[in-house]
Amino acid sequence: IGNITGSNAVNVFLGIGLPWFIASIYWRVQGPTDEWKQRYGKGSKYHELDLEGHYPDGGFAVPAGDLAYSVLIFSVCSV
């Protein structure tokens, strides 16, 4: 059981954690682009999150969305 759960933990870290970590470093170095400001700033569909106010230097944002698309992609890739 330990090997199975340990392996899953490593897979989750490498599959999700590592790309998010790299993206967060990229956005810290890059700063907010005009596209980022347009997508997450005032007047955008995510304006209620106030990401531009909370993170004026930009950041890696992953707003919650429809789970169906993620499940579909996962299912296709797992076959």
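First things first, this report covers the structure right here in the doc. (Residues numbered from 1 in each chain as written. Predicted model: local features only at pLDDT ≥ 70, side-chain atom pairs only at ≥ 80, totals over all residues. Heavy atoms only, no water.)

So, on to the overall build of the protein chain. From N to C terminus, the protein chain includes four helices and zero strands. Here the C-alpha radius of gyration of the protein chain, 16 Å, is well above what a compact globule of 79 residues would show, namely 12 Å. Projected onto its principal axes, the C-alpha coordinates of the protein chain cover approximately 50 × 30 × 20 Å. Of all 79 residues assigned to the protein chain, the portion counted as buried reaches 15%. (Helix = DSSP H or I, 4+ residues; strand = E, 2+ residues; numbered from the N terminus. Rg over C-alpha atoms; globule rule 2.2 N^0.38 Å. Buried < 20%, exposed > 50% of the residue type's maximum accessible area, 1.4 Å probe, protein only.)

Here we come to the pattern of salt bridges. This structure, assessed with the given rule, holds two salt bridges. For Arg28, the salt bridge identified is with Asp57, shortest N-O distance 3.6 Å. Of this pair, Arg28 sits in helix 1 (residues 2-30) while Asp57 sits in the loop between helix 3 (51-54) and helix 4 (67-78), and the two are 29 residues apart along the sequence. A relative accessible area of 63% means that Arg28 is categorised as exposed. In this structure, Arg39 engages Glu35 in a salt bridge whose closest nitrogen and oxygen atoms are separated by 3.3 Å. In this pair, Arg39 and Glu35 both sit in helix 2 (residues 34-40), four residues apart, roughly one turn of the helix. (Salt bridge = Lys/Arg side-chain N within 4 Å of Asp/Glu carboxyl O.)

Before going further, it helps to examine the nonpolar core. Of all hydrophobic cores here, the largest spans six residues; its members are Trp27, Trp36, Tyr40, Tyr46, Leu51 and Ala61. Once residues lying within four places of it in the same chain are set aside, the contact partners of Tyr46 are Arg39, Tyr40 and Pro63. (Core = buried A, V, L, I, M, F, W, Y, C linked by side-chain atoms within 4.5 Å. Contact = heavy atoms within 4.5 Å.)

Moving on, we get to a nonpolar patch on the surface. Nonpolar side chains collect at one region of the surface, where Val10, Phe13, Leu14, Leu18, Phe21, Ile22, Ile25 and Val29 lie side by side and expose about 780 Å² of accessible area between them. Considering the arrangement of structural elements, one finds Ile25 in helix 1. (Patch = residues over 30% accessible without salt bridge, like charges linked within 9 Å, V, L, I, M, F, W, Y side chains within 5 Å. Areas by Shrake-Rupley, 256 points an atom, 1.4 Å probe, with all protein chains shown as cover.)

Attention shifts here to the environment of Gln38. As for its placement among the helices and strands, Gln38 is situated in helix 2. Between the alpha carbons of Gln38 and Glu52 there is a distance of 9.8 Å; along the sequence they are 14 residues apart.

Our next topic: the packing of aromatic side chains. Considering all chains together, one arrives at three aromatic pairs under this definition. Between Trp20 and Phe60, the ring centres sit 6.0 Å apart and the planes meet at 70°, which makes this aromatic pair edge-to-face. With Trp20 in helix 1 and Phe60 in the loop between helix 3 and helix 4, this residue pair connects regions lying 40 residues apart in the sequence. Taking relative accessible area as the criterion, Trp20 reaches 46% and is therefore assigned partly exposed. (Phe/Tyr/Trp six-rings, centres within 6.5 Å; stacked < 30°, edge-to-face > 60°.)

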